[in-house]
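# Observations on the model geometry
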Amino acid sequence: MRRREFVLGALASGIGYAGALDASFTKQIEAKASEPAAIPYGAAVRVDHLKNNFDYRRAILNHCQIVVGEGGLKWIDLRPDRDQFVFDQPDRLLAFAEENGLQMRGHTLAWYGAMPEWTETIATPKEAQTELVRHIETVVARYKGRIPSWDVVNEAIADTPTGDAPIRESMWQNRLGKGYIELALRTAAFVDPDAQLVINDYNFENPTEQCRTRRQAFLNLVRDLKDRDVPLHAIGLQGHLPGDQEIDREGLSRFVAELHGMGLAILVTELDVIDNNLPASNFDRDEIVASRARDFLGAIGDVCRPEAILTWGITDQYTWVPIWFSRSDGRPNRPLPLDANYRPKALMRVIQEFTRGDR
Ligand code: XIL
């Protein structure tokens, strides 16, 4: 599956399924969902709810051209022990995607997070290399030609990088140094030469010293990989936006321009807006959430057309945000394009401004 076909395929499947609608705003949103997308839109999916929750399934089919497993392809789900690969979840999501003409992204092959306990016994560099290569070879080979785009490495940059320590501490980094990143990319490219290989990260968007140092560390990493012809085709900007912080439009545009200038495609991979510090009022919160997303997507769009825009979930009914960012007033978070009753919010309108080319 050529990378170009990944995008064309996602675009072609832009025909949505207008569901039963009850408000003019909702009608406008859903009607737009049936128009061919200028930029494919997608969402992270919890595959168990696809089967049991009709509204959830319909929302994904109404709005998405791309899906990615919120879980399923993480080591914690896939590898209960050293000798097992459990593919049930990603197989089910891929079947759903293929049955409905959707594209599926793979998330993620090498990450510090969601690692099963047994991986703590990976003690030597040789062992780490063997396990990382075996994992990627097995997983990417299984889905070769069917999952055309992979988050090969997730969140490689240190939370607050320094000149001496730009790369986040992890089992992979501890055993292999930053070389694990190249190893993961080269292994994935060897198994599926046509796959789009992505490194995915977050916290680049705000006018803070931390974001500035993270942008610079990320650029240094990517430039080093590209200078050494390491196979890398795109950057995933996760886009978990702190709702109470403005977007550094100039800094983000400059960052994207440097990445795009290295011949890399740009994907928005996990957009949601973290609203724990925003006002209580749903209306006010939804407007601020939408404005942050508009500024974020605008800063990217001022430089280049993102190849896809995905949110990390589609409805406030299922979001990871309260795990880390619950509200002190106990109100449910509202980070996603549809509310918990699947009604489109201002954020969905902003996303469609970009994905439908309205802006
Ligand atoms: C999160 C999932 O949404 C949670 O359900 C899970 O418990 C932890 O991981 N950045 C990423 C995603 O790249 O893989 C994370 O997903 C959210 C942050």
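The structure under discussion appears in the preceding block.
Residues numbered from 1 in each chain as written. Predicted model: local features only at pLDDT ≥ 70, side-chain atom pairs only at ≥ 80, totals over all residues. Heavy atoms only, no water.

Below, the discussion takes up the site of the ligand. Near the ligand you find E70, K74, H107, W111, N154, E155, Q238, H240, E270, W312, W320 and I323, and these make up its full shell. K74 places a side-chain nitrogen or oxygen 2.8 Å from an oxygen atom of the ligand. Contact distances for the ligand include 2.8 Å between an oxygen atom and a side-chain N or O atom of N154. Applying the majority rule of atoms within 2 Å of the grid points places the ligand in the largest pocket. (Near = heavy atom within 4 Å. Polar contact = N/O pair within 3.5 Å; in protein donor to acceptor, adjacent residues only side chain to side chain. 1 Å grid on protein atoms, 1.4 Å probe; cavity = no way out; pocket = protein on both sides within 12 Å on 5 of 7 lines; lining within 4 Å. Sits in = over half its atoms within 2 Å of the grid points.)

So, on to the packing of aromatic side chains. Evaluated as defined, the whole model comprises 10 aromatic pairs. With a centroid separation of 6.1 Å and an interplanar angle of 40°, the aromatic rings of W75 and W118 are classed as tilted. Taken together, the residues span a long stretch of sequence, with W75 in helix α5 (residues 75-78) and W118 in the loop between β3 (103-110) and α7 (125-142) at a distance of 43 residues. Grouping residues by exposure puts W75 and W118 together as buried. On the basis of an interplanar angle of 75° and a centroid distance of 5.9 Å, the ring pair of F87 and Y143 is categorised as edge-to-face. You can see F87 sitting in the loop between α5 and α6 (88-99) and its partner Y143 sitting in the loop between α7 and β4 (149-154), a full 56 residues away along the chain. With respect to burial, F87 and Y143 carry one shared label: buried. Following the ring pairs from residue to residue traces out a cluster consisting of W75, W118 and W172. Between R79 and the ring centre of W75, over which it is positioned, the NZ or CZ distance is 5.2 Å. Positioned above the aromatic ring of Y202 is the side chain of R214, whose terminal nitrogen or guanidinium carbon lies 4.8 Å from the ring centre. (Phe/Tyr/Trp six-rings, centres within 6.5 Å; stacked < 30°, edge-to-face > 60°. Helix = DSSP H or I, 4+ residues; strand = E, 2+ residues; numbered from the N terminus. Buried < 20%, exposed > 50% of the residue type's maximum accessible area, 1.4 Å probe, protein only. Lys NZ or Arg CZ within 6 Å of the ring centre and 35° of its normal.)

Function cannot be inferred from these measures alone, as they are strictly geometric.
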